[in-house]
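Structure at a glance
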Amino acid sequence: MLIKAVDHEVKHASILPVNEGEVIKLFVRERDGTKNPTKRTAVLMLHGRSVPVLPGADLGTGEYNWMQFLAKAGFDVFAMDLQGHGRSPRPTVMNEPCNTTATQQTKLLLDGHPLTAPCTPSYAKHLGDSASDWAEVHSVVEYIKAERGVEKVALFGWSAAAVALGPYAIQYPDNVSSLFLLAPVFRPDGPASKPGTKWERPDALPPPASLWTFPMNIAGRDGFGDAWDKELGCGDEQREEGMVDTVWAAIMESDVVGRNWGPPVSGVPSGVLRFRNAFWWGWNKAGAKVDNILGHKVPVLIVVGEHDKTVNSVPGTVPFLSVTELYKAIPGAKKMHFEVACAGHQIPWERVVKHVHHLSRKWLKHTEIDGHTKGTFYMDTDGDYTEKPL
């Protein structure tokens, strides 16, 4: 039996410069599988840099639906879109096709869908940042606590969600029961806060300056599929046939504007994925250690695919990203790291995701995996795992 979806609108006063002070309504979906309302475990899921939350957390009705899996296991599961993503409000500048780069316009928006020639951004700034992300997550966490009578919420994040959820858990440890990071983005030498402060924005944006002269990025279906293909270390064993189209269709369902842009296929726009151009800070080697929270007061579970090149860069690459360095940076003893065989960055839509779901259920029930609270492990395609020191 499927657990029904209930959609919420969570009021939030925006702190983005483009609409500061405007009260918006953040999109939050809930699937409540709680059997005993007096013993409720609440979970909040957050999306990454580009793909909105529902395609990753609530896809279809089968084995890829993470929300359904956890709800059926007895948890109260929420999923949110940050402002500028999915079904949450998008600042009006994101409705203007000129507000992206000339390269992206040329590749995806010409031929009258919707542009006939390249144009200059009318809002020549980036749109999102760490402070706004933390504030929006906080509004939703406080809403869940009040609505469901829980003291803490377990946070689940995929990819760049780690940049928001890691620092949020450190700043609000009394709100967070545990942290599950799937394929987390972590830049060991990433932008830090102002000297002498914990979480204030740095005084200057990192170079190159051209990165911060537009508010929105766009991606097309072909680019999305090509990036996924590059991480197929196991071919058909890794990804079910037709999944690229299935996922792309789900992404388009969350964007009524973007689905009408992009190169035409049989005369119909193929759609583009619109997402904010955001500047993040504070999530680096020093930031992960602040106040000695992670791994102590807030246990952390990290899961990553063995073929994930998105969050595991080749040393010397700029920016350098490393999941291993995140595990090492977490200061406490309550931390675990699983590398999953035959999986890449798009692990929520790959065959082995069923093992990730089972890991997450164990984590939520016990904040440990089969008695383990610390260590690094390798999981095979059958879901069996062995310890694998880094």
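These numbers were taken from a predicted model, which means no experiment stands behind them. (Residues numbered from 1 in each chain as written. Predicted model: local features only at pLDDT ≥ 70, side-chain atom pairs only at ≥ 80, totals over all residues. Heavy atoms only, no water.)

Moving on: the overall build of the chain. A count of helical and extended segments in the chain gives 10 helices and 16 strands. Relative to the 2.2 N^0.38 estimate, which gives 21 Å for 390 residues, the radius of gyration of the chain is 20 Å and therefore close to what a compact globule would have. Principal axes of the C-alpha set define a box for the chain whose edges measure 60 × 50 × 45 Å. For the chain, with 390 residues in total, the buried portion stands at 55%. Restricting to contacts in the chain with at least 6 residues of sequence separation, those with at least 24 account for 74%. Element-wise, carbon and sulfur atoms account for 52% of the exposed surface of the chain, whose accessible area totals about 16200 Å². For the chain, the distance from the average site of its 41 positive side-chain charges to the average site of its 45 negative ones is 4 Å. (Helix = DSSP H or I, 4+ residues; strand = E, 2+ residues; numbered from the N terminus. Rg over C-alpha atoms; globule rule 2.2 N^0.38 Å. Buried < 20%, exposed > 50% of the residue type's maximum accessible area, 1.4 Å probe, protein only. Contact = heavy atoms within 4.5 Å. Areas by Shrake-Rupley, 256 points an atom, 1.4 Å probe, with all protein chains shown as cover. Lys, Arg positive; Asp, Glu negative; His and termini not counted. Charge placed at Lys NZ, Arg CZ, Asp CG, Glu CD.)

The next thing to look at is unusual backbone geometry. A cis amide bond links His-113 with the next residue in sequence, Pro-114, at an omega value of 0°. Here Pro-114 is to be found in the loop between helix H3 (102-108) and strand S5 (128-129). That bond from Pro-207 to Pro-208 is cis: its omega, 0°, falls within 30 degrees of zero. Within the element layout of this structure, Pro-208 appears in the loop between strand S7 (176-182) and strand S8 (216-220). Phi angles above zero are rare outside glycine, and Asp-370 is one such case at about 50°.

Turning our attention to the side chain of Asn-19. Here Asn-19 shows up in the loop between strand S1 (6-13) and strand S2 (23-32). Within polar-contact distance, the side chain of Asn-19 engages the side chain of Ser-14 at 2.6 Å. Not counting residues within four places of it along the chain, the set of residues in contact with Asn-19 comprises Ser-14, Ile-24, Gln-83 and Pro-91. (Polar contact = N/O pair within 3.5 Å; in protein donor to acceptor, adjacent residues only side chain to side chain.)

Glancing now at the packing of aromatic side chains. Under the defined criterion, the tally for this structure stands at 17 aromatic pairs. Plain terms: the ring middles of Phe-156 and Phe-180 are 4.8 Å apart, the flat faces sit at 20° to each other, and that makes the pair stacked. Of this pair, Phe-156 sits in strand S6 (residues 153-158) while Phe-180 sits in strand S7, and the two are 24 residues apart along the sequence. A single burial state applies to Phe-156 and to Phe-180, both of which are buried. Three or more aromatic residues joined by ring pairs make a cluster, and in this case those are Trp-134, Trp-199, Trp-212, Phe-279 and Trp-281. Lying over the aromatic face of Trp-228, Arg-239 brings its terminal NZ or CZ to 4.8 Å of the ring centre. A cation over an aromatic ring shows up here: Arg-274 above the ring of Trp-261, its NZ or CZ 5.6 Å from the ring centre. (Phe/Tyr/Trp six-rings, centres within 6.5 Å; stacked < 30°, edge-to-face > 60°. Lys NZ or Arg CZ within 6 Å of the ring centre and 35° of its normal.)

Let's shift gears to the packing of helix H4 (residues 130-148) against helix H5 (residues 161-171). At a minimum axis distance of 9 Å, the contact between H4 and H5 shows a crossing angle of 65°. Here H4 lies roughly perpendicular to H5, going by the angle between them. In the crossing of H4 with H5, the sense of the turn from one axis to the other is right-handed. Of the residues in H5, those in contact with Asp-133, Trp-134, Val-137, His-138 and Val-141 of H4 are Val-163, Ala-164, Leu-165, Pro-167, Tyr-168 and Gln-171. (Axes fitted to C-alpha atoms, helices over the stretch in contact; angles between N-to-C directions. Parallel < 35°, antiparallel > 145°, perpendicular 65-115°, else oblique. Left-handed = near helix turned anticlockwise from the far one by under 90°.)

Secondary-structure assignment places His-126 in the loop between H3 and S5. Of the residues examined, His-126 reaches a relative accessible area of 12% and is grouped as buried. Through-space distance from the C-alpha of His-126 to that of Phe-214 is 5.3 Å; in sequence the pair is 88 residues apart. Apart from the residues within four sequence positions on either side, His-126 is in contact with Arg-201, Leu-205, Trp-212, Phe-214, Pro-215, Asn-277 and Phe-279.

In this section: the pattern of salt bridges. Summed over the entire model, instances satisfying the criterion amount to 25 salt bridges. We note a salt bridge from Arg-90 to Asp-255, for which the minimum N-O separation is 3.7 Å. In this pair, Arg-90 is assigned in the loop between strand S4 (76-80) and H3 and Asp-255 in the loop between helix H7 (243-253) and strand S9 (264-265), connecting sequence segments 165 residues apart. The exposure class assigned to Arg-90 is buried, which follows from its relative accessible area of 16%. Salt bridges here are not isolated pairs; linked through shared partners, they connect Glu-30, Asp-32, Arg-40, Asp-76 and Arg-148. (Salt bridge = Lys/Arg side-chain N within 4 Å of Asp/Glu carboxyl O.)

Turning to the packing of helix H6 (residues 221-229) against H7, a few remarks are in order. Following both chains from N to C, one finds H6 and H7 inclined at 135°, their axes separated by 11 Å at the closest point. Between H6 and H7, the angle falls in the class oblique. Of the two elements, H6 crosses H7, and the hand of that crossing is right-handed. Within the contact between the two elements, H6 uses Arg-221, Phe-224, Gly-225 and Trp-228 and H7 uses Met-243, Val-244, Asp-245, Val-247, Trp-248 and Ile-251. Taken together, the residues that form the contact of H6 with H7 break down as seven nonpolar, one polar and two charged. (Nonpolar A, V, L, I, M, F, W, Y, C, P; charged D, E, K, R; others polar.)

Taken as a whole and judged by the stated rule, the model has two disulfides. The partner cysteine of Cys-98 in its disulfide is Cys-119, sulfur to sulfur 2.0 Å. On the S-S bond that ties Cys-98 to Cys-119, the torsion sits near -105°, and the link is left-handed. Taken as a pair, Cys-98 in the loop between S4 and H3 and Cys-119 in the loop between H3 and S5 lie far apart in primary sequence, 21 residues in all. A sulfur-sulfur separation of 2.4 Å characterises the disulfide bridge that pairs Cys-234 with Cys-342. One end of the pair, Cys-234, is in the loop between H6 and H7; the other, Cys-342, is in the loop between strand S14 (335-340) and helix H10 (353-366), with 108 residues separating them in the sequence. According to the relative accessible area criterion, Cys-342 is buried, its value standing at 3%. (Disulfide = S-S within 2.5 Å.)

Coordinates in, geometry out; function isn't part of it.
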